[in-house]
Structure formats: structure tokens, C-alpha cells
Amino acid sequence: MSKNTHSTAKPNFFGSQTESDLFAKPTESSPKIEEIEEVRPETAIVYCEGNFAGIDGKTANGLARHSRKYKILSIIDSEKEGLDAGEVLDGKKNHIPIYRDLGTALAHAGRAPNHLIFGIAPASGMLSPAERRLLLRAIGYGINIVNGLHEFLNDDPEFTAACAKSGVVIRDVRKPRPKKDLRVFTGRITEVTCPRIAVLGTDCAIGKRTTATILAKELKARGIKAIMIGTGQTGLIQGARYGLALDAVPSQFCAGELEATILEAIENENPDVILIEGQGSLSHPAYSTSSFILRGSCPQAVVLQHAPGRKHRCDFDSMPMPTPASEIKLIETFAKTKVIGLTLNHENMTDTEVSEAIIKYEKELGIPSTDVLTRPPERLVEMVLSFFPQIGAEVST
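Heads up: these notes are all about the structure in this document.

## Overview of the overall build of the protein
- If you tally the helices and strands in the protein, you get 14 helices and 15 strands.
- Classification of the 397 residues of the protein by burial places 55% in the buried group.
- The long-range fraction of contacts in the protein, counting pairs at least 24 apart against all pairs at least 6 apart in sequence, stands at 74%.
- Of the roughly 17500 Å² that the protein leaves accessible, carbon and sulfur atoms contribute 52%.

This is how it looks when you write it as C-alpha cells:
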């Protein structure tokens, strides 16, 4: 926890350089923070400058929609200053405000949060110089840092020195366990009878985690004990009890680490069903995580996420999106599993277009389809219960 102290004097948060100097867009002066006080644990501000509601803002987007571990106080993005995060994402207010910079966010909070979460997931996986200065400044205020990048800040002497001086910590979410402790695949997962469903996609940043989160919530609401296995930094930051950042694990150990994590969840929780968050896309040449998820979890079923309005893959303008049919064929050829439903990301689509797409894909693919964010959740639950009727039967008895 951060070591903030109560003071009657106005603290100088920015020294000779204001936060606005880092991300300058001339506006009226931000309100002043009169005092910094201790607050209850696990409050956080999420930094997502220029990316909220965009593809690279997926960590912030996910936290604005769902967070078990942190109480999200606000989002930082000067391009969407003054808006409500929920309204920006889903057209429905969730009362998480968006502010232009850290100073403004702190001023409106009235007290220092425990954490500043870096909510951007750039393709480089690294901090820019301006972002580096911002995080160091936050550390100077006594705020802990939650970092989901491939750049591990606890390995950086400047950051470790700053943390020691301010008495705070950095959580490098993606950092795997020491190599001597990494586990290899054993095959024990094939002996487990607990239903396992992987939520995969036709591209990265397409809504796989959101779909898995909603599915877990809806199953639990019906008395079905569903455990979600996080496989990326956002799910871990949101508070997934079981998981790992799969893309940071050496490839030799990816399948084994995932298998071991699932076995731990089954042994500890005795769940009715396991949901595995997907990463990337099996057909995407830039990512191999989907293959490790299919190998390490050996899922009996897959729910596939697709964005009909997306013309090309994220960060690859020359790569057209695959069709759901081609992705399904690849998945079912690669692994002994069955795609049981298609869920849609409605980006760049009207509501009418979503309805038309649902009808089209159900006819074309012969499996149920829905949009988990704009359609009733029952359809998503039905995908699971129709394929695993024993789950619903166990609950009803």
C-alpha cells in the first residue's frame, strides 16, 4: 500500500513541470488538490491517454467494464475528457469519469489512490519516454504502479530506486515465475472430466475476455460454479484468481503452465465448468498463444468471437480478417474440440446489422450466434448448456 501522509499544506505534485506539459492540450487550469489522505486499499486510476475505447486501450476498457481487484476511480485520456467511461464504451453510464491528466484525476478524487494502472497495451509492449516520466511522477506521489507491459519495471534501476524512496511497489503483471519453477505439460488435463470451454477469436483485441467474463457471471447467476482462467495481463489485473500472462512465458512451458493452472483451479474449487480466456487468433501469423491454449487446456468446446465490421487484423492493414467458417475449420482440425457458438463484436456495426449478422452466421455455420453486449445473456448460456446438458442437470437436482 502507498505511504501517503495527511498534510494541511498544498503539495507540489508536479515540481517545475506540470502534468499538462507532458500531454499538452491548452485548457483551463486543473483544480488543485488540497490534501492527500490515506484511502482504503485497492483504489486505482487507469492511464489510457489517446487510446480509451480503442484497440490498444483494451486493458483500460476491460477495467472500466469489470474489475474485482480494484475500485476504478477514473480513466485518464485527454481526448475523451469529461465523458463517462461506460457511456463511451457501451452507451450506458457506469459513473467512471474520464479526465485529461493525472493532476485532474487526483484533484477530483480528493485523495491519492493506492494504484495507477497503465491501461494501454501497445504492440511494442514498452513505455514511451513521456509515459515513463508520468509513472515516475506518480511513484513520487506515493502511488503504487500496476504494469501490464512486457517491459518489467522492477528490473529498471531508476524505477526501483524511486519505489524505495517513496515506499511503494510496482506490480509487473506479465512477469512469469522463475524458470526453475516453470512446469511442463504432463497430459493430466486429458484425464479431467470437468467441462472446459476456450473462448477464442478471429483476431486479437476482439472481445474474448469480455465474453468469457460475461459467460462466467451469467453461469454463476444460475447456480453453476464457473471458474475463469485468465491468460493475459488484463484478466489478471481485473482480479482473475487463476491465470498467467501466457505471452510472457517461454514457449517450452506455455502448455504446461496453463495445464497446471487449470488443474490447481479444479483441485481447489471443484467447479462445474472451466472457462479459458483466449489470446490472439489461431490463424494469426503474429501470435502463437491460441495454439498453446488449445494444447494446454484441451478444451472439449470453443466459443468463437468475431468482428464482422472489422476489415483487417489489428495493426496489420494488409491482412484481411478471416471468416468464422475458416477459423472454425482450422480450430477443429488443429485440436480435438468443437466450436459450439459464435459471439459478435459489434464495432463499426448498427444494431440492424448485428441482427442480420446473427441470422446469417447461424444459417451459414449451423451454430448459435449472439452479441454478448447488446443481446440478452440467455443466448450465451444456452450455447453452453445445450452442449453440456449435465451442467444444468446437476444444478436443477
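## Overview of the pattern of salt bridges
- Applying the stated criterion across every chain yields a total of 21 salt bridges.
- The closest approach of N and O atoms between Arg379 and Glu362, which form a salt bridge, is 2.5 Å. Taken as a pair, Arg379 in helix 13 (residues 378–387) and Glu362 in helix 12 (residues 351–365) lie far apart in primary sequence, 17 residues in all.
- A residue is classified by how much of its surface remains accessible, and Arg379, at 31% relative accessible area, is partly exposed.
- Note that Arg379 is salt-bridged to Glu382, the shortest N-O span being 3.6 Å. Remark: Glu382 and Arg379 occur in helix 13; sequence separation between them is three residues, near one turn of the helix.
- Residues joined in a network through salt bridges with shared partners are Arg132, Glu151, Asp156 and Glu158.

## Quick word on the side chain of His115
- Secondary-structure assignment places His115 in strand 4 (residues 115–118).
- Of the residues examined, His115 reaches a relative accessible area of 13% and is grouped as buried.
- For His115, the side chain forms a polar contact with the side chain of Glu42, separated by 3.4 Å.

## A word on unusual backbone geometry
- A positive phi is found at Asn270, a non-glycine position, where the angle reads about 50 degrees.
- Among the structural elements, Asn270 can be located in the loop between helix 9 (251–269) and strand 10 (273–277).
- Here Asn270 falls in the exposed class, since its relative accessible area comes to 62%.
- With a phi angle near 70 degrees, Asp315 is a residue other than glycine that sits in the positive phi range.
- Tracing the backbone shows Asp315 in the loop between strand 12 (312–313) and strand 13 (316–320).

## Overview of the packing of helix 9 against helix 10 (residues 289–297)
- The geometry of helix 9 relative to helix 10 is characterised by a closest axis approach of 8 Å and an angle of 45 degrees between their N-to-C directions. On the basis of their axis angle, the class for helix 9 and helix 10 is oblique. Crossing angle aside, the handedness with which helix 9 passes helix 10 is right-handed. Of the residues in helix 10, those in contact with Ser251, Cys254, Ala255, Leu258, Glu259 and Ile262 of helix 9 are Phe292, Ile293, Arg295, Gly296 and Ser297.
- Split into classes, the residues belonging to the contact of helix 9 with helix 10 amount to six nonpolar, three polar and two charged.

## As for the layout of surface pockets
- A volume near 920 Å³ is recorded for the largest pocket.
- As for the largest pocket, its lining consists of 36 residues, of which Arg65, His66, Thr213, Ile214 and Lys217 are closest to the centre.
- The set of elements that each furnish at least two residues to the lining of the largest pocket consists of helix 2 (58–65), helix 3 (85–90), helix 7 (208–221), strand 8 (226–230) and helix 8 (233–238).
- Per element, the largest residue contribution to the lining of the largest pocket is eight residues, and it comes from helix 7.
- Classifying every residue of the lining of the largest pocket gives 13 nonpolar, eleven polar and twelve charged.
- In this structure, the second largest pocket occupies an estimated 630 Å³ of space.
- Along the wall of the second largest pocket there are 33 residues; nearest its centre are Arg65, Ala205, Ile206, Gly207 and Asn345.
- At the level of secondary structure, the elements contributing two or more residues to the lining of the second largest pocket comprise helix 2, helix 3, helix 7 and helix 8.

## With respect to the environment of Ser78
- Its place among the elements puts Ser78 in the loop between strand 2 (71–76) and helix 3.
- Spatially, the C-alpha atoms of Ser78 and Arg100 are 3.7 Å apart, while their sequence positions differ by 22 residues.

## So, the packing of aromatic side chains
- A complete count under the given rule lists two aromatic pairs for this structure.
- Over the face of the ring belonging to Phe334 we find Arg295, whose NZ or CZ atom lies 4.0 Å from the ring centre.

## Digging into helix 5 (residues 129–140)
- Between its terminal C-alpha atoms helix 5 stretches 17 Å, which fits the 16 Å expected from twelve residues at 1.5 Å a residue.
- If you check which residues of helix 5 are buried, you get Ala130, Glu131, Leu134, Leu135, Leu136, Arg137, Ala138 and Ile139.

## A look at the environment of Ala226
- Summarising the element assignment, Ala226 is placed in strand 8.
- Judged by relative accessible area, which is 0%, Ala226 ranks as buried.
- Sequence spacing of Ala226 and Asn270 is 44 residues, and the spatial spacing of their C-alpha atoms is 9.6 Å.
- Each residue touching Ala226, except ones within four places of it in the same chain, is listed here: Ala216, Leu219, Lys220 and Val273.

## Focus: the sheet that holds strand 3 (residues 98–99)
- Read from one edge of the open sheet, six strands run 3-2-1-4-5-6, paired in parallel fashion. Strands with a single pairing partner mark the edges of an open sheet, and in this sheet they are strand 3 and strand 6 (170–172).
- One ladder, built from two bridges, connects strand 2 with strand 3; its direction is parallel. If you follow Ile75 over to strand 3, its bridge partner there is Ile98.
- Running at roughly 145 degrees to strand 2, helix 4 (residues 102–109) makes contact with strand 1 (43–47), strand 2, strand 3 and strand 4 of the sheet.

Parameters at a glance
- Residues numbered from 1 in each chain as written.
- Predicted model: local features only at pLDDT ≥ 70, side-chain atom pairs only at ≥ 80, totals over all residues.
- Heavy atoms only, no water.
- Helix = DSSP H or I, 4+ residues; strand = E, 2+ residues; numbered from the N terminus.
- Buried < 20%, exposed > 50% of the residue type's maximum accessible area, 1.4 Å probe, protein only.
- Contact = heavy atoms within 4.5 Å.
- Areas by Shrake-Rupley, 256 points an atom, 1.4 Å probe, with all protein chains shown as cover.
- Salt bridge = Lys/Arg side-chain N within 4 Å of Asp/Glu carboxyl O.
- Polar contact = N/O pair within 3.5 Å; in protein donor to acceptor, adjacent residues only side chain to side chain.
- Axes fitted to C-alpha atoms, helices over the stretch in contact; angles between N-to-C directions.
- Parallel < 35°, antiparallel > 145°, perpendicular 65-115°, else oblique.
- Left-handed = near helix turned anticlockwise from the far one by under 90°.
- Nonpolar A, V, L, I, M, F, W, Y, C, P; charged D, E, K, R; others polar.
- 1 Å grid on protein atoms, 1.4 Å probe; cavity = no way out; pocket = protein on both sides within 12 Å on 5 of 7 lines; lining within 4 Å.
- Points joined across faces, edges and corners; volume = space filled by probe spheres on them.
- Phe/Tyr/Trp six-rings, centres within 6.5 Å; stacked < 30°, edge-to-face > 60°.
- Lys NZ or Arg CZ within 6 Å of the ring centre and 35° of its normal.
- Expected span 1.5 Å × (residues − 1).
- Pairing = 2+ DSSP bridges.

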